[in-house]
Amino acid sequence: MKPTIIPFLTTRKLNPENQETPIHFLPQTITLKEYFFIRNHFEYPTQTQEAYFLPIVGEVIRPIIFKLEDIMRMPSKHLMLPLECSGNNRAFFHPKVYGEQWEDGAISQGLWKGVPLKDLLALIGLKRTALEVVFEAYDYGKRMDLEGDFHFARSLPIQKALHPDTLIAYELNGKPIPFKHGYPLRLIVPQWYAMASIKWVKRIVVIDHLFKGPFQEIDYNYYPYKDSDKGKTPVAQINVSSIIQQPQSYSILDNGKHVVEGIAWTGTGVIIEVEVSTDGGESWHKAILGQEQSHLYSWTFWKYDWKVSSKGEYLIMSRARDSFGNIQPFKAKWNRKGYGYNAVYTVKVKVE
Ligand SMILES: Nc1nc2c(c(=O)[nH]1)N[C@H]1C(S)=C(S)[C@@H](COP(=O)(O)O)O[C@H]1N2
Ligand SMILES: [Mo]
């Protein structure tokens, strides 16, 4: 009997658990839960009990405590989309930056099912003073830079909270959301980096001012300078990006035909073009896009048939463009905390 050969997650940290998906070995649209990347700031929460209640309070007309069953009975929606950690590819910034040294596997795609948050908010009624919606999670712990314990919590501006595709989700890939990914309820914010998609939602508070929690005010901002906070801007939309899944860097290939293939995604519009260079960016060729391009949020598969007849070393690159005219830069915009890396993806191979 032949042994089964399967990929595994790549461990970055065990406590809290932070692991990368084996993205080069997943040709599927949906990432199975076994391979879904995991990113946590704190130890896993313990309070997500059987009887689950979700209060929505604050600047609302009729505060309601929803039961899980109430939410699951409401009209729902399915959305196929990638969650990408804003620190994905942080390891590739030059100069290097502190923080989890993610390579290219802090991204996974799932089919999420849930209720549009706007439908819950419509039931309780927003006051005119409503400016932001805060999502508080069950997990908590200490931070190096501040005194005391903090729950993971972030807000959305009211327009994003009311977007018809911002979901309170309860299923991933046709099953209840796995505990590690936020069971029983998680926020899903399409097109934004995944820090916005709060797991283990405990309470939702509508507020009339800007939320200032540390995961909003300190982390998840682009700081363009090393020694000053000048130019600080919040991390939000996913930058247009792509990766070459195969061949992998430093492969030795034979003379002949090879398929260069990968995925591309964006948080602004849809992917309209992926170009491939096999000469280090001198010349570019259009890749063939997979069917997924018609979907609004999901990643797009692409491939390029490469015929190579001379031996030597080659720099193969992929560069995606979206319908907002955004295109991957040769060099990602450096920022002190290492968010939003989206440089042209490069692999080096040798043809023998
Ligand atoms: N409650 C809670 N939600 C959270 C986080 C967290 O630590 N706690 N991490 C965020 C970040 S930074 C990312 S990248 C995603 C990771 O989701 P996953 O572990 O399901 O892949 O969850 C987001 N939601
Ligand atoms: Mo993240």
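Placed above this text is the structure.
What comes next concerns the included structure. As the structure is a computational prediction, the values presented were derived from the model and not from experiment.

Criteria and cut-off values
Residues numbered from 1 in each chain as written. Chains lettered and ligands numbered in written order. Predicted model: local features only at pLDDT ≥ 70, side-chain atom pairs only at ≥ 80, totals over all residues. Heavy atoms only, no water. Helix = DSSP H or I, 4+ residues; strand = E, 2+ residues; numbered from the N terminus. Rg over C-alpha atoms; globule rule 2.2 N^0.38 Å. Buried < 20%, exposed > 50% of the residue type's maximum accessible area, 1.4 Å probe, protein only. Contact = heavy atoms within 4.5 Å. Lys, Arg positive; Asp, Glu negative; His and termini not counted. Charge placed at Lys NZ, Arg CZ, Asp CG, Glu CD. Pairing = 2+ DSSP bridges. Axes fitted to C-alpha atoms, helices over the stretch in contact; angles between N-to-C directions. Near = heavy atom within 4 Å. Polar contact = N/O pair within 3.5 Å; in protein donor to acceptor, adjacent residues only side chain to side chain. Areas by Shrake-Rupley, 256 points an atom, 1.4 Å probe, with all protein chains shown as cover. Nonpolar A, V, L, I, M, F, W, Y, C, P; charged D, E, K, R; others polar.

**Notes on the overall build of the chain**
- Assigned secondary structure in the chain consists of four helices and 24 strands.
- A globule of 352 residues ought to have a C-alpha radius of gyration of about 20 Å, and the chain, at 21 Å, matches this closely.
- The principal-axis extent of the C-alpha atoms belonging to the chain is close to 70 × 55 × 40 Å.
- For the chain, the proportion of its 352 residues judged to be buried stands at 54%.
- The contacts of the chain with a sequence gap of at least 6 include a subset with a gap of at least 24, amounting to 71%.
- Positive and negative side-chain charges of the chain, numbering 42 and 37 respectively, have mean locations separated by a distance of 1 Å.

**Looking at the sheet that holds strand S4 (residues 53–58)**
- The strand order across the open sheet formed by five strands is S5-S4-S13-S8-S9, and the pairing between neighbours is mixed. The sheet terminates laterally at strand S5 (64–67) and strand S9 (149–157), the two strands that pair on one side only. Looking at each pair of strands side by side, their axes are set apart by 25° on average, direction ignored.
- As judged from the eight bridges shared by strand S8 (residues 132–142) and S9, these two strands associate in the antiparallel manner. Bridge pairing in S9 places tyrosine 140 opposite histidine 151.
- Together, S4, S5, S8 and strand S13 (201–207) form the strand contacts of helix H2 (residues 117–124), whose direction differs from that of S5 by roughly 135°.

**Comments concerning unusual backbone geometry**
- The amide bond that connects histidine 94 to the next residue, proline 95, takes the cis arrangement and shows omega of -10°.
- The omega angle of the peptide bond from glutamine 246 to proline 247 is -5°, so this bond is cis rather than trans.
- Structurally, proline 247 is set in the loop between strand S16 (241–246) and strand S17 (251–253).
- Look at asparagine 89: it is not a glycine, yet its phi comes out positive at around 70°.
- With respect to the element layout, asparagine 89 can be found in the loop between strand S6 (77–84) and strand S7 (107–116).
- Residue classification places asparagine 89 among the buried positions, given a relative accessible area of 4%.

**Overview of the site of ligand 1**
- The local shell around ligand 1 holds 19 residues, among which Phe37, His41, Asp139, His181 and Lys199 are the closest.
- A distance of 2.7 Å separates an oxygen atom of ligand 1 from a polar side-chain atom of histidine 41.
- For ligand 1, an oxygen atom lies 2.6 Å from a polar atom in the side chain of lysine 199.
- In the complex, the protein chains occlude 100% of the 540 Å² of accessible area that ligand 1 would expose alone.
- Those elements giving two or more residues to the shell around ligand 1 turn out to be strand S3 (38–39) and S8.
- Partitioning the shell around ligand 1 into residue classes produces eleven nonpolar, four polar and four charged.

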